[in-house]
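Secondary and tertiary structure notes
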Amino acid sequence: MIFLLDWLLSLSPIAAVLVLMVGLRWSGVRAGLIGWLVALAVAALRFGAGPSVLLWAQLRGLFFSLFVLYIIWPALLFYRVTDEAGAVAAIGLGLPRLTADRALQALILGWAFSSFLQGVGGFGVPVAVLAPLLLGLGFPAVPAVVIPSIGHSWSVTFGSLGSSFYALMAATGRPGEELGPPSAVLLGLACFLCGAGVLWAAGGPRALRHGWAPLLLIGAAMAGTQYLVVRARMWAIGGMCAGLVGIGVSVLWAQFFTSSGASNPDPPGSMRIQTALAPYGILTAIVFLAQLVPPVEAFLGQVVLRVAVPELVTARGWQTPAGFTTGIPIFGHAGALLIYASLITFVLYVRQGRYKRGALHRIGRDVVRRALPASLGIATMVGMSVTMEHAGMTYCLAEGVSRVMGPAFLLASPFIGALGAFMTGSNTNSNVIFGAFQQQVATLAGLNPVLALAAQTTGGAVGGMFAPAKVIVGCATVCAGEGPTMRKAFVYGTVILGIIALVTALWGLM
């Protein structure tokens, strides 16, 4: 009975966030703050976490938050620098001209291009950009939102310049070399499933039968590229590179196997596709140099910001070993690489006269407007998560779940990840909240914790397709009904999650 009470109290911060965000439609910032306060109260009053434990936990949470936010702000900066110059629009407007085939248009825009946009921007950008384009091509409003919602979700973990994956690494203490390959395998499966979902949403079983060949070819190219890039430790550009290769394969298929689309000439002064893609080549080159050339990697990694943390023990005996806060390599962090690429791109486009008056002000304003709410939400979710971990609450939750589910836990892992993304609108937040939990449950149940974490982040990526926060943004761009859109996206997401769960469980038995 005492354990049940402890377990319910351990669950209370997460339950509070879920009720407030899903039931009462609170923002992530407000709900996360309440969850954080509930976690602090339960940790202090029930689990014996004294002031020293709580203060050091918050310091660790601060460094964890800074590590993730150091990616999110520069990622949005890079996206806005390219978007303000017209690069994103140039790519998006040029792709529909390749083919008049509606199924292939859905694959090119709603799957390949949306995956690329997720790779370089994220944060709702793919749906917000592509829903109006699809509506303009003649797709009804609800499918216009559902198609990119499904299509981009598989690339979320290694998209947004890897922010979700870096959060998983920081939350669990496991290296990317260990987490990356199994995550890329499950996300590769999700890639094909999302492509199939795009075809079905575009035209039902007829579109799926018609488009199975490009689906397999483009899917193999994107999933394979992401896997190879991840194996090469370039986690920040896995989604971007996969999307770029997917676009390239789509272009070749459209040119050789379908009739062309609209043949309207480019308007005067419009950006050539080579110029539009140049920033992404610059970013790829910078990441390659910084992560795969040892002298450059060593030079950029000389300055690391971190603080030593002593051993922490609660009044109930829960012990957190001495260690360090999350290390932040100031000049070699993924965020720093994004800043370098943004500066070079900005200079390149300024010299070409691509920016209108006031561009720098608009870029800065939009970065703050988009990043600030996400930053506050992540900070509060991280505060809640580290408090629970240092008080022993996460372990208590994991022990209860492992007792009930045992070896069957891997079936639930993707759905837990999806729940986190559904209630927060973010795979990053899902990995923060549930990463340590999944790792501990799998360990207690005698399962492979790395596989559970791969399922966690894959489920969190897929769960974003029907998260209310993302659906609302997409519907607002084309005046689609939020209820019908969310119901359709939920059906597709549930089917995909079910298949991933079965594959994960079978993999765990090998």
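Data block above holds the structure.
My aim in this report is to walk through the structure given alongside it, one point at a time. The numbers attached to residues start from 1 for each chain and follow its sequence in the written order. In keeping with the model being predicted, local features are shown solely for residues with a pLDDT of at least 70 and side-chain atom pairs are shown and tallied solely at 80 or more, while totals for entire chains, interfaces and linings include all residues. Neither water nor hydrogens contribute to the side-chain values; these are computed over all heavy atoms in the structure.

1. What about the environment of Ala89?
Segments assigned H or I by DSSP are reported as helices when at least four residues long, segments assigned E as strands when at least two residues long, and all are numbered from the N terminus. With respect to the secondary-structure elements, Ala89 resides in helix α4 (residues 87-94). In the structure, Ala89 is positioned 182 residues away from Met271 in sequence and 9.0 Å away in space, judged by C-alpha atoms.

2. Focus: the packing of helix α19 (residues 449-463) against helix α21 (residues 482-509)
Helix axes are fitted to C-alpha atoms over the stretch in contact, other axes to C-alpha atoms as well, and angles between N-to-C directions run from 0 to 180 degrees. Interhelical geometry of α19 versus α21 gives an angle of 175 degrees and a closest axis separation of 10 Å. Between α19 and α21, the interaxial angle falls into the category roughly antiparallel. Here Leu451, Ala455, Thr458, Gly459 and Val462 of α19 come into contact with α21, specifically with Gly493, Ile496, Leu497, Ile500, Thr504, Trp507 and Gly508. Three classes are used: nonpolar for Ala, Val, Leu, Ile, Met, Phe, Trp, Tyr, Cys and Pro, charged for Asp, Glu, Lys and Arg, and polar for all others, with Gly counted as polar. In the contact of α19 with α21, the residues fall into seven nonpolar, five polar and no charged. Between 65 and 115 degrees an angle is taken as roughly perpendicular, under 35 as roughly parallel, over 145 as roughly antiparallel, and anywhere else as oblique. Two residues qualify as a contact provided that any one of their heavy atoms is within 4.5 Å of a heavy atom in the partner residue.

3. What about empty space enclosed by the protein?
Method remark: on a 1 Å grid restricted to protein atoms, a set of points is classed as a cavity if a 1.4 Å probe fits but cannot get out and as a pocket if it is open with protein on both sides within 12 Å along at least five of seven lines; lining residues have an atom within 4 Å of a point. Grid points are joined across faces, edges and corners, and a volume is the space filled by probe spheres set on the points. In total, this model carries one cavity of 30 Å³ or more according to the counting rule given. Here the largest cavity is characterised by a volume of approximately 50 Å³. Around the largest cavity sit Ile14, Ser385, Met388, Thr394, Leu397, Ile433, Phe434, Ala436 and Phe437, which together line it. When residues of the lining of the largest cavity are traced back to their parent elements, those giving at least two are α15 (359-391), α16 (393-405) and α18 (427-444). Ranked by the residues each element gives to the lining of the largest cavity, the list is headed by α18, at four residues. Taken together, the residues of the lining of the largest cavity sort by class into seven nonpolar, two polar and no charged.

4. Looking at the packing of aromatic side chains
Think of it this way: a Phe, Tyr or Trp ring, Trp meaning its six-membered ring, pairs with another when their centres are within 6.5 Å, and the plane angle makes it stacked under 30 degrees, edge-to-face over 60, tilted otherwise. Scanning all chains against the criterion turns up 12 aromatic pairs. Ring geometry for Phe78 against Tyr280: centres 5.7 Å apart, planes inclined by 80 degrees, an arrangement best described as edge-to-face. With Phe78 in helix α3 (residues 51-84) and Tyr280 in helix α12 (residues 273-292), this pair connects stretches of sequence that are 202 residues apart. Judged by centre distance (4.8 Å) and plane angle (45 degrees), the ring pair of Phe158 and Phe165 falls under tilted. For the pair formed by Phe158 and Phe165, the shared burial category is buried. Joined through ring pairs, the aromatic side chains of Phe67, Phe158, Phe165, Tyr166 and Trp235 make up one cluster. Charge-over-ring contacts are defined here by two conditions on Lys NZ or Arg CZ: a distance within 6 Å of the ring centre and an angle within 35 degrees of the ring normal. Residue placement shows Arg102 over the ring face of Phe139; its charged tip is 4.1 Å from the ring centre. Above the face of the Phe47 ring, Arg316 is positioned so that its terminal group lies 4.9 Å from the ring centre. We call a residue buried when its accessible area falls under 20% of the maximum for its residue type, exposed when it is over 50%, and partly exposed in between, using a 1.4 Å probe and counting protein chains only.

5. Regarding the nonpolar core
Side-chain atoms within 4.5 Å are what join buried Ala, Val, Leu, Ile, Met, Phe, Trp, Tyr and Cys residues into a set we call a nonpolar core. Counting residues in hydrophobic clusters, the biggest one holds 123 residues, and the most contacted among them are Leu95, Trp111, Phe113, Phe116, Ile237 and Leu283. With residues near it in sequence (within four places) discarded, Leu283 still touches Phe78, Leu161, Ile237, Met240, Leu337, Leu338 and Ala341. Membership of the second largest hydrophobic core comes to 39 residues, among which are Phe47, Ala49, Met384 and Phe409.

6. Looking at the environment of Thr314
If you trace the backbone, Thr314 turns up in the loop between β3 (312-313) and β4 (319-320). Sequence separation of Thr314 and Ala391 is 77 residues, and the distance between their C-alpha atoms is 6.7 Å. Once residues lying within four places of it in the same chain are set aside, the contact partners of Thr314 are Phe47, Gly48, Ala49, Val53, His390 and Ala391.

7. A word on the state of the cysteines
For this text, the term disulfide refers to a pair of cysteine sulfurs within 2.5 Å. What the rule picks out here adds up to zero disulfides. No disulfide involves Cys191; its sulfur sits 7.3 Å from the nearest other cysteine sulfur, which is in Cys194.

8. Comments concerning the layout of surface pockets
By volume, the largest pocket amounts to about 1,100 Å³. In terms of lining residues, the largest pocket is bounded by 42 residues, among which Met169, Ala170, Gly173, Thr326 and Gly327 are the most central. Listed by contribution, the elements that provide at least two residues to the lining of the largest pocket are α3, α8 (163-172), α12, α13 (294-300), β4, β5 (323-324), α15 and α18.

9. Comments concerning the pattern of salt bridges
Only one rule defines a salt bridge in this text: a Lys or Arg side-chain nitrogen within 4 Å of an Asp or Glu carboxyl oxygen. Taken as a whole, this structure holds 11 salt bridges when the rule is applied. Where Arg233 meets Glu297, a salt bridge forms, and the shortest distance between an N and an O atom there is 3.7 Å. In this pair, Arg233 is assigned in the loop between α10 (212-231) and α11 (238-257) and Glu297 in helix α13, connecting sequence segments 64 residues apart. Close ionic contact of Asp366 with Arg369 constitutes a salt bridge, the shortest N to O distance being 3.9 Å. Linking Asp366 with Arg369, this pair stays in helix α15, spanning three residues, or about one helical turn. Exposure remark for Asp366: the relative accessible area of 12% places this residue in the buried category. Given the relative accessible area of 52%, Arg369 is considered exposed. Beyond isolated ion pairs, a larger network of salt bridges with shared partners links Arg80, Asp83, Glu84, Arg362, Arg365, Asp366 and Arg369.

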